[in-house]
Amino acid sequence: MIAENTQTQMRKGILEYCVLSIIARGEIYASDIIAELRSAKLLVVEGTLYPLLTRLKNNGLLSYNWVESTSGPPRKYYTITEDGKGILSQLDQTWQELAYAVGISQKGANS
């Protein structure tokens, strides 16, 4: 139970970083973001993703445009802004530092 709670918190902690990373690769629809996150074992539901996308958009890190769909209503496609790219760069650096620190601590534990 304790491990599951910690795992959930770890996933939540990197979700924003992962979403920005996915969107930075190019314009993308929310359902495709969810599919990528699920394939990476970051189980996400629409109720988690949409508020995050709204917050990132309101903070100026994302923008979106509506694209007509042949199979239903128009779809909202997200892109990263220049500010978003700057934040993503900072998060990339933080991720590298964390990965390094974890690697060091694991080597120490195995010595």
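Everything below is about the structure shown above.
The structure presented is a predicted model; accordingly, all values stated were derived computationally and were not measured. As a convention, each chain's residues are numbered from 1 in the sequence order in which they are written. Owing to the predicted nature of the model, reporting of local features is limited to residues with pLDDT of at least 70; listing and counting of side-chain atom pairs is limited to 80 or more, with chain, interface and lining totals taken over all residues. With hydrogens and water excluded, all non-hydrogen atoms of the structure serve as input to the side-chain values.

*Asks:* Any chance you could break down unusual backbone geometry for me, citing the residues and the numbers?
*Replies:* One non-glycine residue, K41, adopts positive backbone phi at about 70°. Positionally, K41 belongs in the loop between α2 (30-39) and α3 (46-58). The class for K41 is exposed, based on a relative accessible area of 59%. Each helix corresponds to a stretch of at least 4 residues labelled H or I by DSSP, and each strand to a stretch of at least 2 residues labelled E; elements are numbered beginning at the N terminus. Burial classification: accessible surface area is computed with a 1.4 Å probe over protein chains only, and a residue below 20% of its type maximum counts as buried, one above 50% as exposed, and the rest as partly exposed.

*Asks:* Got a sec to walk through the layout of surface pockets? Specific residues and values, please.
*Replies:* Leftover empty space is mapped by rolling, across the atoms, a probe with the size of a water molecule. Computed from the structure, the largest pocket encloses a volume of approximately 250 Å³. Computed over the protein atoms alone on a 1 Å grid, cavities are sets of points where a 1.4 Å probe fits but cannot get out and pockets are open sets with protein on both sides within 12 Å along at least five of seven lines; a residue lines them when it has an atom within 4 Å of a point. Taken together, Q7, M10, R11, I14, W95, L98, A99 and V102 form the lining of the largest pocket. Elements that contribute at least two residues to the lining of the largest pocket include exactly α1 (2-24) and α4 (82-109). Tallied by class, residues from the lining of the largest pocket come to six nonpolar, one polar and one charged. Each pocket or cavity is described by its volume, and for the second largest pocket that value is around 170 Å³. Around the second largest pocket sit T8, R11, K12, L15, L42, L43, V44 and T48, which together line it. Broken down by element, the residue count for the lining of the second largest pocket peaks at four residues, all from α1. Residues are sorted three ways: Asp, Glu, Lys and Arg are charged, Ala, Val, Leu, Ile, Met, Phe, Trp, Tyr, Cys and Pro are nonpolar, and all the rest, Gly among them, are polar. Class assignment of the residues belonging to the lining of the second largest pocket gives a composition of four nonpolar, two polar and two charged. Grid points are joined across faces, edges and corners, and a volume is the space filled by probe spheres set on the points.

*Asks:* Hey, could you go over the environment of I23 for me, with residue numbers and the actual values?
*Replies:* Assignment of secondary structure puts I23 in helix α1. A sequence separation of 10 residues divides I23 from I33, and the C-alpha atoms of the two residues are 7.8 Å apart.

*Asks:* An account of the pattern of salt bridges is needed here, citing residue identities and associated values.
*Replies:* Whenever a carboxyl oxygen of Asp or Glu lies within 4 Å of a side-chain nitrogen of Lys or Arg, that contact is scored as a salt bridge. With the rule as written, the count across this model stands at three salt bridges. Notably, a salt bridge pairs E16 with R55, separated by 3.0 Å at the nearest N-O pair. Of this pair, E16 sits in helix α1 while R55 sits in helix α3, and the two are 39 residues apart along the sequence. Note that K85 is salt-bridged to E82, the shortest N-O span being 3.2 Å. Highlighted residues: K85 and E82, both in helix α4, separated by three residues, approximately one helical turn. By relative accessible area, K85 is classed as partly exposed at 42%. Judged by its relative accessible area of 60%, E82 is exposed.

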